[in-house]
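A structural walkthrough
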Amino acid sequence: GAVVSQHPSWVICKSGTSVKIECRSLDFQATTMFWYRQFPKQSLMLMATSNEGSKATYEQGVEKDKFLINHASLTLSTLTVTSAHPEDSSFYICSARDPDRVGPDTQYFGPGTRLTVL
Amino acid sequence: GDSVTQMEGPVTLSEEAFLTINCTYTATGYPSLFWYVQYPGEGLQLLLKATKADDKGSNKGFEATYRKETTSFHLEKGSVQVSDSAVYFCALNAADSWGKLQFGSGTQVVVTP
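Residues numbered from 1 in each chain as written. Chains lettered and ligands numbered in written order. Predicted model: local features only at pLDDT ≥ 70, side-chain atom pairs only at ≥ 80, totals over all residues. Heavy atoms only, no water.

**As for the overall build of chain B**
From N to C terminus, chain B includes 0 helices and 12 strands. Each helix (α) and strand (β) of chain B, taken in turn from the N terminus, gives the series β-β-β-β-β-β-β-β-β-β-β-β. Relative to the compact-globule value of 13 Å for 113 residues, chain B shows a C-alpha radius of gyration of 13 Å, a close match. Taken over the C-alpha atoms alone, chain B extends approximately 45 × 25 × 20 Å along its principal axes. Looking at the 113 residues of chain B, the share that counts as buried comes to 43%. Contacts in chain B between residues at least 24 apart in sequence constitute 56% of all its contacts with a sequence separation of at least 6. The positive charge centre, built from 8 side chains, and the negative charge centre, built from 12, are 7 Å apart in chain B. (Helix = DSSP H or I, 4+ residues; strand = E, 2+ residues; numbered from the N terminus. Rg over C-alpha atoms; globule rule 2.2 N^0.38 Å. Buried < 20%, exposed > 50% of the residue type's maximum accessible area, 1.4 Å probe, protein only. Contact = heavy atoms within 4.5 Å. Lys, Arg positive; Asp, Glu negative; His and termini not counted. Charge placed at Lys NZ, Arg CZ, Asp CG, Glu CD.)

Structure representation (structure tokens):
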């Protein structure tokens, strides 16, 4: 199946710094990517929908100025956590939609990035 | 709003045992329902799906039936293997939000030899 990668797989940073997480679709061009956040033993919560060449659409309650999303190419979306604080520590997962496939199950997920803010 | 509730884990069972993971949902209209599996160190993978009532999704020995009357989509496997150890997520895609997935909290399954 299609492969989506994330980098880094884990990151530790100091409070107040910014962290960038990359999501790449390796064997297809993804016009749409999704960013999720997962707390321990909780659901994946959709943060935003990233569309290539346009602004991301954020879910209610997600601070767009804190979680900057850029989808500048058909194979890369980035999530930047700005001025990170310990409460931003979480597992961030991206998915990419293959536009050549039809149906609601055309998302492929990355392995996730563990962010720890000290 | 839409939501998915699944049983908490971890679920620990012996090889060749029967596995059931309960999943119920709340949604308006007729959502599509999914089970995803996440093996250690890997991304979520689609395990099976059902797009309308009474549909049965199946894959790798796993099955789940879309029950609209009970708003459920329970996952079952008759004889598990150690390689089935993973976290399983139930999810729905609402009819009017194509592409957006609402996930349950995940259930960790541990199969021992």
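**Focus on the layout of surface pockets**
Volume-wise, the largest pocket comes out at about 430 Å³. Forming the walls of the largest pocket are 17 residues, and the residues nearest its centre are A:P40, A:K41, A:Q42, B:S105 and B:G106. Counting residues per element, the ones that place at least two in the lining of the largest pocket are β10 (86–93) and β12 (107–112) of chain B. Roughly 300 Å³ of volume is contained in the second largest pocket. Looking at which element gives the most residues to the lining of the second largest pocket, the answer is strand β5 (residues 44–51) of chain A, with 3 residues. Of the residues that constitute the lining of the second largest pocket, the class distribution is 7 nonpolar, 3 polar and 4 charged. (1 Å grid on protein atoms, 1.4 Å probe; cavity = no way out; pocket = protein on both sides within 12 Å on 5 of 7 lines; lining within 4 Å. Points joined across faces, edges and corners; volume = space filled by probe spheres on them. Nonpolar A, V, L, I, M, F, W, Y, C, P; charged D, E, K, R; others polar.)

**Some thoughts on the sheet that holds strand β8 (residues 76–81) of chain A**
Residues and elements named next belong to chain A. Taken together, 4 strands build an open sheet; the order of strands is β1-β3-β8-β7 and the sheet is antiparallel. A strand with exactly one partner marks an edge of an open sheet, and here the two such strands are β1 (4–7) and β7 (67–73). Recorded for the sheet is a direction-independent mean angle of 15° between the axes of neighbouring strands. Looking at chain direction, strand β3 (residues 19–25) and β8 are connected through 6 bridges and run antiparallel. Bridged to R24 within β8 is L76. (Pairing = 2+ DSSP bridges. Axes fitted to C-alpha atoms, helices over the stretch in contact; angles between N-to-C directions.)

**Points about the pairing of β7(A)**
All names here are of chain A. Judged from the 5 bridges that link them, β7 and β8 form a sheet pairing that is antiparallel. Counterpart to I69 in the pairing with β8 is L79. Taken together, β7 and the strand that follows it, β8, pair antiparallel across an intervening segment of 2 residues.

**Thoughts on the sheet that holds strand β9 (residues 75–77) of chain B**
Residue and element names in this part refer to chain B. Pairing within the open sheet is antiparallel, and its 4 strands lie in the order β3-β9-β8-β7. A single partner strand is all that each edge strand has here, and the edge strands are β3 (19–21) and β7 (56–59). Pairwise comparison of adjacent strand axes, ignoring direction, gives a mean angle of 15° for this sheet. Here β3 runs beside β9; their pairing, made up of 3 bridges, is antiparallel. Of the residues in β9, the one forming a bridge with L19 is K77.

**Some details on the state of the cysteines**
All names here are of chain A. What the rule picks out here adds up to 2 disulfides over all chains. Each sulfur in the disulfide pair C23 and C94 lies 2.0 Å from the other. The disulfide joining C23 to C94 has a torsion of about 80° about its S-S bond and is therefore right-handed. In this pair, C23 sits in strand β3 while C94 sits in strand β9 (residues 90–97), placing the two residues 71 residues apart along the sequence. Of all cysteine sulfurs in the structure, the one in C94 sits closest to C13, which takes part in no disulfide; the separation is 18 Å. Classification of C13 as buried rests on a relative accessible area of 10%. (Disulfide = S-S within 2.5 Å.)

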